[in-house]
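If you want the building blocks of each chain, they are given just below.
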Amino acid sequence: MTVIRSLLLFVLAALAEIGGAWLVWQGVREQRGLLWIGGGVIALGLYGLVATFQPDANFGRILAAYGGVFVAGSLAWGMVVDGFRPDRWDVIGALVCLAGVLVIMYAPRG
């Protein structure tokens, strides 16, 4: 159950961070205005909060593992929201990153 909770928190964190960054991007680069930027800033703050609920107490480990989720999530966000089509190297790189998440977070330690 702890692994499932941790993975769900990673997904929630990715949605908040990637979504927040996308909102800021839209507000600035696509000139959608301060409301978009403000929404993005709030979402980015929520990302930071969500990370604190991870069951592991090691900040460095959580953020290092989250990096892999961020990479894969960013490609997925681009596909769903912006019509981005990753090439095979994008997909391979994302899979390598996700394998790193599993090793960093869930390898047996003793």
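Residues numbered from 1 in each chain as written. Predicted model: local features only at pLDDT ≥ 70, side-chain atom pairs only at ≥ 80, totals over all residues. Heavy atoms only, no water.

Section: a nonpolar patch on the surface
Note the following rule: Patches draw on residues past 30% relative accessible area with no salt bridge. Two like charges within 9 Å are joined, as are two nonpolar side chains (Val, Leu, Ile, Met, Phe, Trp, Tyr) within 5 Å. Computed with a 1.4 Å probe, the accessible areas rest on the Shrake-Rupley method; for each residue, only the protein chains presented here act as cover. For this analysis, a salt bridge means a side-chain nitrogen from Lys or Arg found within 4 Å of a carboxyl oxygen belonging to Asp or Glu. Counting from the N terminus, the helices are the DSSP runs of H or I reaching at least four residues and the strands are the DSSP runs of E reaching at least two. Accessibility here uses a 1.4 Å probe with only protein chains present; expressed as a share of the type maximum, an area under 20% marks a residue as buried, one over 50% as exposed, and anything in between as partly exposed.
On the surface, I42, L46, L49 and F53 cluster together to form a nonpolar patch covering roughly 400 Å² of accessible area. As for its position among the elements, L49 is in helix 2 (residues 34–51). Looking at L49, the relative accessible area reads 45%, which means it is partly exposed.

Focus: the environment of V80
Considering the arrangement of structural elements, one finds V80 in helix 3 (residues 59–82). Spatially, the C-alpha atoms of V80 and E30 are 18 Å apart, while their sequence positions differ by 50 residues.

Side note on the packing of helix 3 against helix 4 (residues 88–106)
Rules: An axis is simply a line fitted to the C-alpha atoms; with a helix, the fit covers only the stretch in contact. Between two such axes, the angle follows the N-to-C directions and lies from 0 to 180 degrees. The labels follow the angle: roughly parallel below 35 degrees, roughly antiparallel above 145, roughly perpendicular from 65 to 115, and oblique for the rest. With the far helix as reference, a near helix turned anticlockwise by less than a right angle produces a left-handed crossing, and one turned clockwise produces a right-handed crossing. Note on contacts: a residue pair is in contact if any heavy atoms of the two residues lie within 4.5 Å. Under this grouping Gly is polar, as are all residues other than the nonpolar Ala, Val, Leu, Ile, Met, Phe, Trp, Tyr, Cys and Pro and the charged Asp, Glu, Lys and Arg.
Put simply, helix 3 and helix 4 touch, their axes get as near as 8 Å, and they point 155° apart. Here helix 3 lies roughly antiparallel to helix 4, going by the angle between them. By crossing handedness, the relation of helix 3 to helix 4 is classed as left-handed. The segment helix 3 lies against helix 4, with R61, I62, A64, A65, G68, V69, V71, A72 and L75 engaging D90, A94, C97, L98, V101, I104 and M105. Its residues placed into classes, the contact of helix 3 with helix 4 shows 13 nonpolar, 1 polar and 2 charged.

Focus on the nonpolar core
Here is the rule: Take the buried residues of types Ala, Val, Leu, Ile, Met, Phe, Trp, Tyr and Cys, join any two whose side-chain atoms come within 4.5 Å, and each joined set is a nonpolar core.
Counting residues in each nonpolar core, the largest one holds 14 residues, and the members touching the most others are F10, Y66 and V69. Breaking this core down by element, the ones donating at least two residues are helix 1 (2–29), helix 2, helix 3 and helix 4. Among the elements that line this core, the one with the most residues is helix 1, at 6 residues. With near-sequence residues (within four places) excluded, Y66 lies in contact with F10, A13, A14, E17 and Y47.

Quick look at the packing of helix 1 against helix 4
For any two helices packed against each other, the geometry is given by the interaxial angle and the distance between the axes. Two elements in contact, helix 1 and helix 4, have axes whose closest approach is 12 Å; the angle formed by their N-to-C orientations is 130°. One finds that helix 1 runs oblique with respect to helix 4. Considering how the two elements wind past one another, helix 1 and helix 4 form a crossing that is right-handed. Every residue of helix 4 that contacts helix 1 at V3, S6, L7 and F10 is listed here: V101, M105 and Y106. Per-class residue counts for the contact of helix 1 with helix 4 are 6 nonpolar, 1 polar and no charged.

Here's the deal with the packing of aromatic side chains
What counts, and what does not: Here a pair means two rings of Phe, Tyr or Trp (six-membered ring of Trp) with centres within 6.5 Å. Their orientation is stacked below 30 degrees between planes, edge-to-face above 60, and tilted elsewhere. In this analysis the charged atom, NZ for Lys or CZ for Arg, is taken to sit over a ring once it is within 6 Å of the ring centre and within 35 degrees of the ring normal.
Enumeration over the complete set of coordinates arrives at 5 aromatic pairs. Their ring planes at 35° and their centres at 5.2 Å tell us that Y47 and Y66 sit as a pair that is tilted. With Y47 in helix 2 and Y66 in helix 3, this pair connects stretches of sequence that are 19 residues apart. As far as burial versus exposure is concerned, Y47 and Y66 are alike and both buried. Put simply, the rings of F10, Y47, Y66 and F70 pair up and form one aromatic cluster. R32 extends its terminal NZ or CZ atom over the ring of W36, reaching a point 4.7 Å from the ring centre.

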